[in-house]
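Okay, here's what each chain looks like letter by letter:
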Amino acid sequence: MTDSKRQRGVDKFKEVYCNALPEPPAEGQDRFFDFMLGSLFGDLWDNDTLSIRDRRLLLLGAIAAQGEDMTFTIQAQSAYKRGELDEAQLEEAVLFLTQYIGYPRASKMRMALLGLLPKLKKEAGEADGG
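Before going into details, it helps to say that this report is about the structure given with it. Just so it is clear, the structure is predicted and the values come from calculations on it, not from any experiment.

## Here we look at the overall build of the protein chain
Item 1. Helices and strands together make up the secondary structure of the protein chain, namely six helices and zero strands.
Item 2. Across the protein chain, helices and strands are ordered from the amino to the carboxyl terminus as α-α-α-α-α-α.
Item 3. For the C-alpha atoms alone, the extent of the protein chain along its principal axes is close to 45 × 40 × 30 Å.
Item 4. Put simply, the protein chain has 130 residues, and 34% of those count as buried.
Item 5. Within the protein chain, contacts between residues at least 6 apart in sequence are counted, and of these 65% link residues at least 24 apart.
Item 6. Counting 17 positive and 21 negative side-chain charges, the protein chain places the centres of these two groups 3 Å from one another.

Here you go:
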């Protein structure tokens, strides 16, 4: 993997997650992260065939189907903060996914959103001086 590919991956990782996640380990410290940053973020997320929003919607569906509410929360938070999806769109995504992933899994995603959205609105209000 070239340094530029990994660096593109680091830059895209930070963009996708609004610099809200911990800094990835330095190159060579964690082979898993080196691989992920280069291939997932340096190649896939950095490819402009699909927008970040498009990829995020696909990812939200895949994560919801697995019942991963913690990871769903991270993705929903990033989508909201980046302006990719607003509150109504996130709620609609969960409602839509319910029909495909089932009510038990979707209810976990709904509960995750119910906990997340007030926090995000409060942060947005504080950022606006409200």
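Now that the structure has been shown, the text picks up again.
## As for the nonpolar core
Item 1. Membership of the largest hydrophobic core comes to 17 residues, with the highest contact counts inside it found for Ala64, Phe72, Ala76, Leu90 and Leu113.
Item 2. Among the elements of the structure, helix 3 (52-66), helix 4 (69-81), helix 5 (87-101) and helix 6 (103-127) are those that each provide at least two residues to this core.
Item 3. No other element matches helix 6, which puts six residues into this core.
Item 4. Excluding its chain neighbours within four sequence positions, the residues that come into contact with Ala76 are Leu60, Leu90, Leu113 and Leu116.

Rules used throughout
- Residues numbered from 1 in each chain as written.
- Predicted model: local features only at pLDDT ≥ 70, side-chain atom pairs only at ≥ 80, totals over all residues.
- Heavy atoms only, no water.
- Helix = DSSP H or I, 4+ residues; strand = E, 2+ residues; numbered from the N terminus.
- Buried < 20%, exposed > 50% of the residue type's maximum accessible area, 1.4 Å probe, protein only.
- Contact = heavy atoms within 4.5 Å.
- Lys, Arg positive; Asp, Glu negative; His and termini not counted.
- Charge placed at Lys NZ, Arg CZ, Asp CG, Glu CD.
- Core = buried A, V, L, I, M, F, W, Y, C linked by side-chain atoms within 4.5 Å.

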